[in-house]
Amino acid sequence: MALQPWRVRAATRFIQHVRWHMHSAKLQKFFTNKTHKKYCSCGKPSALLLEQCSYCGASLNDQHIAPMKRDPLLAAVLGENTEFQEMHRSFQLLVLKNRYPVGDQHLLVLPKSTFYDIRQLRKRDAALLEKMYQKGLECLKVEPGTPVACGFSYPS
């Protein structure tokens with residue numbers, strides 16, 4: 001028997017709703033990624049669903065869940081944070097060295113304007129994205145033609 005369309009929509013809404021919550025049987029409590037993270041002994045905050053630190057590889061369990069501290073990227077944009085090494089600051093963007101690099105060099109190029117969702121980007125934002133790309137390459141100080149991986153990161 002095939003599912004009726006309204007049941008599929010209801011099930012999809014339920015799955016999307018549950019995805020943002022994590023239940024800890026050991027702590028007998030629900031947590032959300034907006035208010036809590038798993039903090040590894042290396043200091044890196046991780047999403048609640050991760051069972052291993054993406055930086056050092058240490059195992060994460062329910063005992064690592066703690067309330068979120070102030071967002072360090074927001075603090076860096078506001079000029080309050082010294083956790084990141086600042087490479088460039090302008091009215092439009094900020095370039096920081098990543099505290100938990102994936103490669104030899106790992107920079108974060110942040111727009112200072114507010115984008116609540118990546119779907120809000122419009123054609124008029126293409127110039128800002130190009131400027132972010134160029135400034136990131138400039139701060140990397142790589143030879144022209146050197147292969148570089150660039151991409152978007154959606155904050156969790």
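Small disclaimer: the values here were computed from a predicted structure and weren't measured.

*Asks:* Can you walk me through the overall build of the protein chain in this structure?
*Replies:* Tallying secondary structure elements over the protein chain gives 3 helices and 8 strands in all. In sequence order, the protein chain lays out its α and β elements as α-β-β-β-β-β-α-β-β-β-α. Counting all 156 residues of the protein chain, 24% fall into the buried class. Long-range contacts, defined here as pairs at least 24 residues apart, represent 35% of the contacts in the protein chain between residues at least 6 apart. Summed over all atoms, the accessible surface of the protein chain reaches about 11900 Å², with 56% contributed by carbon and sulfur.

*Asks:* Would you mind going over the side chain of Asp125 with me for this structure?
*Replies:* Structurally, Asp125 can be placed in the loop between strand E8 (107–111) and helix H3 (126–140). Although Asp125 is buried, it forms no salt bridge, and the closest oppositely charged side chain is Arg124 at an N-O distance of 4.5 Å. In this structure Asp125 touches Phe115 and Gln120, once residues within four positions along its chain are discounted.

*Asks:* Before we go on, may I ask you to explain the nonpolar core in this structure?
*Replies:* Nonpolar side chains in soluble globular proteins generally cluster together in the buried interior. Within the largest apolar cluster, 7 residues are counted, these being Leu93, Val95, Leu107, Leu128, Met132, Cys139 and Leu140. Of the residues forming this core, the biggest block, 4 residues, is contributed by H3. Setting aside residues up to four positions removed in sequence, Cys139 forms contacts with Met87, His88, Val95 and Leu107. By size, the runner-up hydrophobic cluster in this structure holds 6 residues, among which are Ala76, Phe84, Leu96 and Leu110.

*Asks:* Mind showing me how you'd approach the sheet that holds strand E7 (residues 93–97) here?
*Replies:* Paired through their backbone hydrogen bonds, the strands of a sheet run either parallel or antiparallel. Spatially, E6-E7-E8 is the arrangement adopted by the 3 strands of the open sheet, whose pairing is antiparallel. For this open sheet the edge positions go to strand E6 (85–89) and E8, each flanked by a neighbour on one side alone. Here the strands of the sheet are splayed against their neighbours by 20 degrees on average, with no regard to which way each runs. Across 4 bridges, E6 lies against E7 in antiparallel orientation. Paired with Gln85 across the two strands is Lys97, which belongs to E7. Packing of H3 onto the sheet brings it into contact with E6, E7 and E8, and relative to E8 it is tilted by some 150 degrees.

*Asks:* Please explain the sheet that holds strand E5 (residues 65–67) as it appears in this structure.
*Replies:* Taken in spatial order, the 3 strands of this open sheet run E4-E3-E5, and their pairing is antiparallel. Both edges of this open sheet fall to strand E4 (45–46) and E5, since each of them pairs with a single strand only. Here strand E3 (residues 36–39) pairs with E4 via 2 bridges, running antiparallel. The residue bridging Tyr39 from the neighbouring strand is Pro45, located in E4.

*Asks:* Whenever I open this one, the pattern of salt bridges confuses me. Can you help?
*Replies:* Opposite charge on two side chains allows them to pair when their charged atoms are near. For the structure on display, the rule yields 2 salt bridges. As a salt-bridge pair, Glu86 and Arg89 come within 3.0 Å of each other at their nearest N and O atoms. The partly exposed category is assigned to Arg89, whose relative accessible area is 32%. In this structure, Glu138 engages Lys135 in a salt bridge whose closest nitrogen and oxygen atoms are separated by 3.0 Å.

*Asks:* Whenever I open this one, the pairing of E7 confuses me. Can you help?
*Replies:* Regular strands place side chains that alternate from one sheet face to the opposite one. Burial within E7 is extensive, with 4 of its 5 residues counted as buried. Hairpin geometry of E6 and E7 is characterised by an intervening segment of 3 residues between the two adjacent antiparallel strands. The pairing of E7 with E8 spans 5 bridges and is classified as antiparallel. In the sheet register, Leu93 faces E8, and the bridge partner there is Pro111.

The rules behind the values
Here the residue numbers are simple positions, counted from 1 along each chain's written sequence. Given that this is a predicted model, residues contribute local features only at a pLDDT of at least 70 and side-chain atom pairs are listed and counted only at 80 or more, while totals for whole chains, interfaces and linings are drawn from all residues. The side-chain numbers reported here are obtained from all heavy atoms of the structure, hydrogens and water having been left aside. The way it works is that DSSP assigns letters per residue, a run of H or I at least four long becomes a helix, a run of E at least two long becomes a strand, and they are numbered from the N terminus. In this scheme, a residue with accessible area under 20% of its type's maximum is buried, one over 50% is exposed, and one in between is partly exposed, where area comes from a 1.4 Å probe on protein chains only. In this analysis, two residues are considered to be in contact whenever any of their non-hydrogen atoms come within 4.5 Å of each other. Only the protein chains shown count as cover for residues, with accessible areas throughout obtained via the Shrake-Rupley method and a probe of 1.4 Å. When charges are tallied, Lys and Arg are placed among the positive residues and Asp and Glu among the negative ones, while His and the ends of the chain are skipped. Here, a salt bridge means any side-chain nitrogen of Lys or Arg that lies within 4 Å of a carboxyl oxygen of Asp or Glu. Among the buried residues, those of types Ala, Val, Leu, Ile, Met, Phe, Trp, Tyr and Cys that are joined through side-chain atoms within 4.5 Å form a nonpolar core. By this definition, two strands are paired if DSSP reports at least two bridges between them. For helices, the axis comes from a line fit to the C-alpha atoms of the stretch in contact; other axes are also lines fit to C-alpha atoms, and the angle between any two N-to-C directions lies between 0 and 180 degrees.

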